[in-house]
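Chain by chain, the residues:
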Amino acid sequence: MRTPAQHRTVAALAAVTGIATLSLGAGPAAADAAEPLRYVALGDSYSAGSGVLPLDPGAPLLCARTSKNYPRLLAASLGAKLTDVTCGGAQTKDFTTAQYPGVAPQFDALKSDTELVTLTIGGNDNNTFINAILACGTSGVLSGGKGSPCKDTYGNTFKDQIESKTYPAIKASLNQIKARSPKAEVAILGYPWITPAKAVPGCFAKMPVAEGDVPYLRDLQAHLNGAAQRAASETGATFVDMAAASDAHDACRPAGERWIEPVLFGTNFVPVHPNAAGEAGMAARAAEVLNLP
């Protein structure tokens, strides 16, 4: 199997040899060698870039897929042939079943000759993200931003769901990707930070989470990313860790610095999701880890 780095080397050699063979009246072999990398993008709204305009005109409207998502940026940098089936709201079950009427299971895009697969997934399983954000936001408003009412109420509930349901589902999904596309390099990206490590002045107006629950949500997200990392390690996939790259780009940062838009006063039509800079940051980090250009 060619890795993405090997693919670029072959393509470069093909370009050089193609110049030479043109003068000799030959060239089909060089053209075959330079065939674009076959890349399939899977995953949820963080992969689809849901909330960033303009929308991809070729995508189902309910998926809210942007034309500026990280798979599109990665494919452009690599010169790859992209099949993008990412869709906002996707769970691991939507890999093998239709998420919406007329929207095929995402795994239908995987072929035996697929060479690169990327995905973000898991945040919607058990409604972990939405339930945690809603629960902590509601309790934060009711407490006036004081204490840790969400943590006090829910404790390890969300973590337990990740361990018992989300982690095994991610692992099973990665194994199925390997089975369907055995030649592919598979990379699962972690989620960029949504909240800072601790409460910061002025953020409550945008992210109405009580000061004690800010680190609680951060720790929950770290746990979810850790589950994806373990699943990747155990299945031979690559984990693209976004922790360091997205630090200081959380939803509490000012516009122009943040990668994630806040609940209130953001620029995306889907809150608590990456903006265009966040999608670009995910693409850059994936390219770095995968040694892409």
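Sequence order as written defines residue numbering, which begins from 1 separately in each chain. Where local features are concerned, this predicted model is filtered to residues with pLDDT of at least 70; where side-chain atom pairs are given and counted, the filter is 80 or more; whole-chain, interface and lining totals use all residues. Water and hydrogen atoms were dropped before computing side-chain values, which therefore reflect all heavy atoms in the structure.

1. Describing the side chain of Ser-50
For clarity, the cut-off: Put simply, DSSP H or I for four residues or longer makes a helix, DSSP E for two residues or longer makes a strand, and each gets a number counted from the N terminus. For the purposes of these results, a polar contact is taken to be a pair of N or O atoms within 3.5 Å, where, inside protein, one atom must be able to donate a hydrogen and its partner to accept one; residues adjacent in sequence count only when each atom of the pair is a side-chain atom. Residues count as neighbours in contact if any of their non-hydrogen atoms are within 4.5 Å of one another.
Within the element layout of this structure, Ser-50 appears in the loop between α3 (45–48) and α4 (70–78). Engagement of the side chain of Ser-50 in a polar contact is seen with the backbone oxygen of Cys-63, the distance being 3.1 Å. Engagement of the side chain of Ser-50 in a polar contact is seen with the backbone oxygen of Ala-64, the distance being 3.4 Å. Beyond its immediate chain neighbours, meaning those up to four positions away, Ser-50 contacts Ser-45, Cys-63, Ala-64, Gly-88, Asn-268, Val-270 and His-273.

2. What to know about the sheet that holds strand β2 (residues 81–84)
Convention followed: When DSSP finds two or more bridges between two strands, those strands count as paired. Axis geometry follows a simple rule: fit a line to the C-alpha atoms, using only the stretch in contact for helices, then measure angles between N-to-C directions, giving values from 0 to 180 degrees.
Strand order across the open sheet formed by five strands is β2-β1-β3-β4-β5, with parallel pairing between neighbours. The open sheet has two free edges, formed respectively by β2 and β5 (238–240), since each of these has just one partner strand. For this sheet, the mean inter-axis angle between neighbouring strands, taken without regard to orientation, is 20°. Inspection of the sheet shows strand β1 (residues 38–41) paired to strand β3 (residues 116–119) by three bridges, in the parallel sense. In the strand pairing of β3, Val-40 is matched with Val-117. Along the sheet face, helix α7 (residues 157–180) touches β3 and β4 (185–189) and points at about 155° away from the line of β4. Its contacts with the sheet place helix α8 (residues 214–235) against β4 and β5, and it is angled at close to 155° to β5.

3. Some points on helix α5 (residues 128–142)
The periodicity of an α-helix, 3.6 residues per turn, causes residues three or four places apart in sequence to face the same way. Our working rule: The span expected for a helix works out to 1.5 Å for each residue beyond the first. When accessible area is computed with a 1.4 Å probe and restricted to protein chains, residues below 20% of their type maximum are described as buried, those above 50% as exposed, and intermediate ones as partly exposed.
For α5, which comprises 15 residues, the first-to-last C-alpha distance of 21 Å matches the rise-based estimate of 21 Å (1.5 Å per residue) to within 8%. Those residues of α5 lying buried are Thr-128, Phe-129, Ala-132, Ile-133, Ala-135, Cys-136, Gly-137, Ser-139 and Gly-140. Positive phi appears at Gly-144, one or two residues downstream of α5, with a value of about 70°.

4. Section: unusual backbone geometry
The step from Leu-53 to Pro-54 runs through a cis peptide bond, and the omega angle for that step is 5°. Phi at Asn-126 is positive, roughly 65°, even though this residue is not glycine. Along the chain, Asn-126 falls in the loop between β3 and α5. A relative accessible area of 22% means that Asn-126 is categorised as partly exposed. In this model, Phe-265 sits at a positive phi of 65°, which is unusual for a non-glycine residue. As for its position among the elements, Phe-265 is in the loop between α9 (243–246) and α10 (276–289).

Keep in mind these values describe shape, not function.
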